[in-house]
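The residues making up each chain are set out below.
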Amino acid sequence: MGLLEKAGVHRAGTASNSCAGSDAGGTGDLDKKVEAALRTARAAYPEKQVRLWVQDEGRFGLKPVLKRLWALQGQRPVIAQRRQYQWLYTYIFVEPLTGQSDFLILPSVSVPLMQVALDEFSRAVDPHQQQLIVLLLDQAGWHTSQKLQVPPNLFLLPFPAYTPELSPAEPMVTKLKLPIANQTLNTLQEVEDLIAAECVRLKQAPAEVKSLTLFPWIKHVLDSF
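Residues numbered from 1 in each chain as written. Predicted model: local features only at pLDDT ≥ 70, side-chain atom pairs only at ≥ 80, totals over all residues. Heavy atoms only, no water.

## Overview of the overall build of the protein
Heads up, the condition is: Each helix corresponds to a stretch of at least 4 residues labelled H or I by DSSP, and each strand to a stretch of at least 2 residues labelled E; elements are numbered beginning at the N terminus. A simple rule labels every residue: compare its accessible area, found with a 1.4 Å probe on the protein chains alone, to the largest value its type can have, and call it buried under 20%, exposed over 50%, or partly exposed in between. The criterion used for residue contact is that any of the two residues' heavy atoms lie within 4.5 Å. For the accessible areas, the method is Shrake-Rupley and the probe is 1.4 Å, while residue cover comes only from the protein chains on display.
Helix and strand counts for the protein come out as eight helices and five strands. Starting at the N terminus and ending at the C terminus, the protein contains elements arranged as α-α-β-β-β-α-β-α-β-α-α-α-α. The buried share of the protein, reckoned over its 225 residues, is 47%. Taking the contacts inside the protein whose residues are at least 6 apart along the sequence as the reference set, 70% of them involve residues at least 24 apart. If you sum the accessible surface of the protein, you get close to 11600 Å²; carbon and sulfur atoms cover 53% of it.

Written as structure tokens, this is what we have:
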């Protein structure tokens, strides 16, 4: 696995800081790092299909989510709220090139639950382990823990710290909030039902997902790769 690690691909452990300090309007050297990782993975495993996916989590709960809405001119819309502080988390996996996506709704974020998410994702997307998936994700502690047992068909590549704007998974978090926006919900089960229905819809709408997640820098990397 030395070739992949030299390219910045990690099974787990402390994330690399080689991209730190990238300017807010660009990718720093992230695009070069991702392209190098993909090329190295393909050279190391020529018999496998190499794919680039992105992962993130979104927190959803009973604290109201507000968004703008249409109203008659001169009338001020009123949205009823009932503030509660209970949460669940959606683990989001997306392949920007194809718009394929996968989701898992779990009660929290932690190393054990990240393990569950990685294992389920690996089985769902590549059950026979015939691929090599480079998975971009941020540097949250549950992503970089030495305790993670990363499935052999996955390799973890960290984003630079404090750069959520570079992640193609961020628009998916915003998209999943829409079904619960401007709603007064009483239980987490109601939240889960609405989020789950939107996850199912998005899985069946790869063109929409691709339009949200195929960022120009990702497209440039994949075109070069």
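Here the narrative resumes.
## Details of the pattern of salt bridges
What counts is decided by this rule: Salt-bridge detection follows one rule: a side-chain nitrogen of Lys or Arg within 4 Å of a carboxyl oxygen of Asp or Glu.
On inspection of all chains with the given rule, the structure shows eight salt bridges. Among the ionic pairs, R123 bridges to E120, the shortest N-O distance being 2.5 Å. Note that R123 and E120 are positioned in helix α3 (residues 111–125) at a spacing of three residues, about one turn of the helix. One salt bridge in this structure joins E208 and R201, with 2.8 Å as the shortest N-O distance. Relative accessible area serves as the criterion here: at 22%, E208 is assigned to the partly exposed category. Residue classification places R201 among the partly exposed residues on the basis of a relative accessible area of 32%. One salt-bridge network, held together by shared partners, links K175, E198, R201 and E208.

## What to know about the confidence of the model for the protein
Should pLDDT be low for a region, the predicted coordinates there are not to be read in detail. To keep it simple, the criterion reads: Confidence of the prediction at every residue is given by pLDDT, a number between 0 and 100.
Across the protein, the average pLDDT comes to 84, with 79% of residues at 70 or higher. Between residues 12–25, whose pLDDT stays under 50, and residues either more than four places distant or in other chains, the model counts 30 contacts.

## Side note on the packing of aromatic side chains
Just so we agree on the cut-off: By convention, a stacked pair of Phe, Tyr or Trp rings (six-membered ring in the case of Trp) has centres within 6.5 Å and planes under 30 degrees apart, an edge-to-face pair has planes over 60 apart, and any other such pair is tilted. Over a ring means this: the NZ of a Lys or the CZ of an Arg is within 6 Å of the ring centre and within 35 degrees of the ring normal.
Per the counting criterion, the structure on display carries two aromatic pairs. Ring geometry for W53 versus F121: centroids 5.0 Å apart, planes at 70°, classification edge-to-face. Here W53 is found in strand β1 (residues 49–61), whereas its partner F121 is found in helix α3, with 68 residues between them in sequence. On the basis of relative accessibility, which here comes to 1%, the residue F121 falls in the buried class. Ring geometry for F93 versus F121: centroids 4.2 Å apart, planes at 5°, classification stacked. With a gap of 28 residues between them, F93 in strand β2 (residues 87–95) and F121 in helix α3 connect regions that are remote in the sequence. By way of ring pairs, the aromatic residues W53, F93 and F121 are connected into one cluster. Positioned above the aromatic ring of F225, the side-chain terminus of R42 is 4.1 Å from the ring centre. Here the basic side chain of R59 rests over the ring of W87, its NZ or CZ set 3.7 Å away from the ring centre.

## Some words on the nonpolar core
Let me state the cut-off plainly: Residues enter a nonpolar core if they are buried and are Ala, Val, Leu, Ile, Met, Phe, Trp, Tyr or Cys, with the set joined through side-chain atoms within 4.5 Å.
Judged by nonpolar contacts, the single largest core of 37 residues is most densely connected at V34, L38, L52, F60, L136 and W217. Looking at this core, the elements with two or more residues in it are α2 (30–44), β1, β2, β4 (131–137), β5 (154–158), α5 (170–177), α6 (188–203) and α8 (216–224). Per-element tally for this core: the top contributor is α2, with five residues. Excluding residues within four positions of it along the chain, L136 makes contact with V34, L52, W53, V54, Q55, L157, F159, W217 and I218. One finds Y91, A117, I133 and V150 within the second-largest nonpolar core, a separate group that totals 19 residues.

## Considerations on the side chain of E95
Quick reminder of the rule: For the purposes of these results, a polar contact is taken to be a pair of N or O atoms within 3.5 Å, where, inside protein, one atom must be able to donate a hydrogen and its partner to accept one; residues adjacent in sequence count only when each atom of the pair is a side-chain atom.
Within the secondary structure, E95 sits in strand β2. Overall, E95 belongs to the buried group, its relative accessible area being 4%. At 2.6 Å, the side chain of E95 forms a polar contact with the side chain of R51. Residues contacting E95, with those up to four places away along its chain left out, are R51, L52, W53 and Q100.

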